[in-house]
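# Coordinates in review
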Amino acid sequence: MHLNGTSKVNDKGHLEIGGLDTVELAEQFGTPLYVYDVSLIRERARGFKQTFEKLGVTAQVAYASKAFSTIAMVQLADEEGLSLDVVSGGELYTALAAEFPPERIHFHGNNKSKEELEMALKHGVGCIVVDNFFELELLQSICEVTETNTKILLRVTPGVEAHTHEYITTGQADSKFGFDLQNGQAEKAMKMALKSSKIELLGLHCHIGSQIFETAGFIVAAKKIFEKLNEWKESYAFESKVLNLGGGFGIRYTNEDHPLPAGRYVEEIIEEVQRQADHFAMNMPEIWIEPGRSLVGDAGTTLYTIGSSKEVPNVRKYIAVDGGMSDNIRPALYQAKYEAILANRALEKTEETVSVAGKCCESGDMLIWDIPLPKSDHNDLLAVFCTGAYGYAMANNYNRIPRPPVVFAENGESKLVVRRETYEDLIRLDSSIKEKINN
Ligand SMILES: Cc1ncc(COP(=O)(O)O)c(C=O)c1O
Ligand SMILES: N[C@@H](CCCC[NH3+])C(=O)O
């Protein structure tokens, strides 16, 4: 059993998170329930920040709020002195509702609407990460009409893609995101931005992938960017004050995953950037990163109640829980793997191999295949670990299943930060039958 952060098994044999017995949390808040270990999020945030501080590098660690965006999480990011990456009007609205300082918000997205850009400018968002020519022109015209100035980064695709243990360099980066660095698009965008009196180009951004376990991809990306920056310095006297190398730092979901400690990614990235800056006689840029998963992923645990079970003789045993792809779509979408234990009988030895099914009307709604557990029964409590990133964030109402609540656990205290959806919530946006008849 691999336990993260403050998670431990107490003397009743129950899983504890943040000093709280998960059996009691399930009784109090019901299941399914997302529980976050707040101290672990703080530890991860401090880990990133301290590495930059130790190496004396000016930096911004921007929490990629797409991983888990709620008012409480945004406030926690603020408390820890992080910046914030948002990718939509909704994430921006959440950040503003949490009173996150707008100057530390970075606004991403490959198809920001006019309304979203206006909203960002109106609230003084610190940096807009411009993705394409359409957006650059739209932003320029909004700035002119509203007489607003803004700071931007250009998102570039350096021709590097990284996934877990591998990275590949692709000649022509085939991606919906960003300006291609090699085919002249990025250079054209840079020239357009430099001409603008309303837009201040701070530098470049790239993001090479997610759940990455090695630094090689980041290092190749940094090299490619610096080669281009060197050309631009000579031709246009442009120097990138900021270099944002995105997020993507991997975490351990199961014992197949071997991520580096967060500090290692940062140290190696900084060393490479420093080496490149020295090599090309440039000033060391400010380095920004955007971790999402690695800040919140292993701090989240989902608690489920086991209901029905089904034995397929000589094939497998299914146990079904009261949630599934509606609260965690990652196994169905990416064949993502998770570990789990019986939270109410955590010390009992494993006796059988079972597969954990969700309750949605979809054969692919399986949370975990072939996991060893003690002999379980209905009403046992199943804890699935590492659901903190892209769990609640990608939750949905398939089969009109209400989304579970979110509880923050820290130092023996629980805080309900998102309440459970109700059936009334589910029909709230429907036009009522009466309205339909009247129309
Ligand atoms: C631009 C950008 N920044 C940051 C992230 C966060 O990635 P992760 O959660 O893997 O750290 C993503 C998602 O992959 C992204 O697209
Ligand atoms: N949603 C993905 C990651 C997407 C990263 C955002 N660009 C996941 O659950 O792993």
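Our structure is the block above this text.
Computed from a predicted structure; not experimentally measured. (Residues numbered from 1 in each chain as written. Chains lettered and ligands numbered in written order. Predicted model: local features only at pLDDT ≥ 70, side-chain atom pairs only at ≥ 80, totals over all residues. Heavy atoms only, no water.)

### Quick word on the site of ligand 1
Contacts to ligand 1 come from 15 residues, most closely from H207, S210, E290, R293 and Y390. Within the backbone of G248, a nitrogen or oxygen atom sits 2.8 Å from an oxygen atom of ligand 1. Measuring from an oxygen atom of ligand 1, one finds a backbone N or O atom of G292 at 2.9 Å. Relative to its unbound accessible surface of 400 Å², ligand 1 loses 91% to contact with the protein. (Near = heavy atom within 4 Å. Polar contact = N/O pair within 3.5 Å; in protein donor to acceptor, adjacent residues only side chain to side chain. Areas by Shrake-Rupley, 256 points an atom, 1.4 Å probe, with all protein chains shown as cover.)

### Section: helix α5 (residues 114-122)
Residues E116, L117, M119, A120 and L121 constitute the buried set of α5. The inward-facing, buried residues of α5 contact α4 (89-97), β7 (105-107), β8 (127-130), α6 (133-146) and β9 (150-157). Downstream of α5 by a residue or two, G124 has a phi angle that is positive, lying close to 70°. (Buried < 20%, exposed > 50% of the residue type's maximum accessible area, 1.4 Å probe, protein only. Helix = DSSP H or I, 4+ residues; strand = E, 2+ residues; numbered from the N terminus. Contact = heavy atoms within 4.5 Å.)

### A few points about the packing of helix α2 (residues 38-54) against helix α3 (residues 71-79)
It is the contact of α2 with α3, at a shortest axis distance of 10 Å, that shows an interaxial angle of 45°. What the angle tells us is that α2 and α3 run oblique. When the axes of α2 and α3 are compared, the crossing they make is right-handed. Packed against α2, whose contacting residues are V38, I41 and R42, the element α3 presents M73, L76 and E79 at the interface. Along the lines of polarity and charge, the residues of the contact of α2 with α3 split into 4 nonpolar, no polar and 2 charged. (Axes fitted to C-alpha atoms, helices over the stretch in contact; angles between N-to-C directions. Parallel < 35°, antiparallel > 145°, perpendicular 65-115°, else oblique. Left-handed = near helix turned anticlockwise from the far one by under 90°. Nonpolar A, V, L, I, M, F, W, Y, C, P; charged D, E, K, R; others polar.)

Any link to function would need more than the numbers given here.
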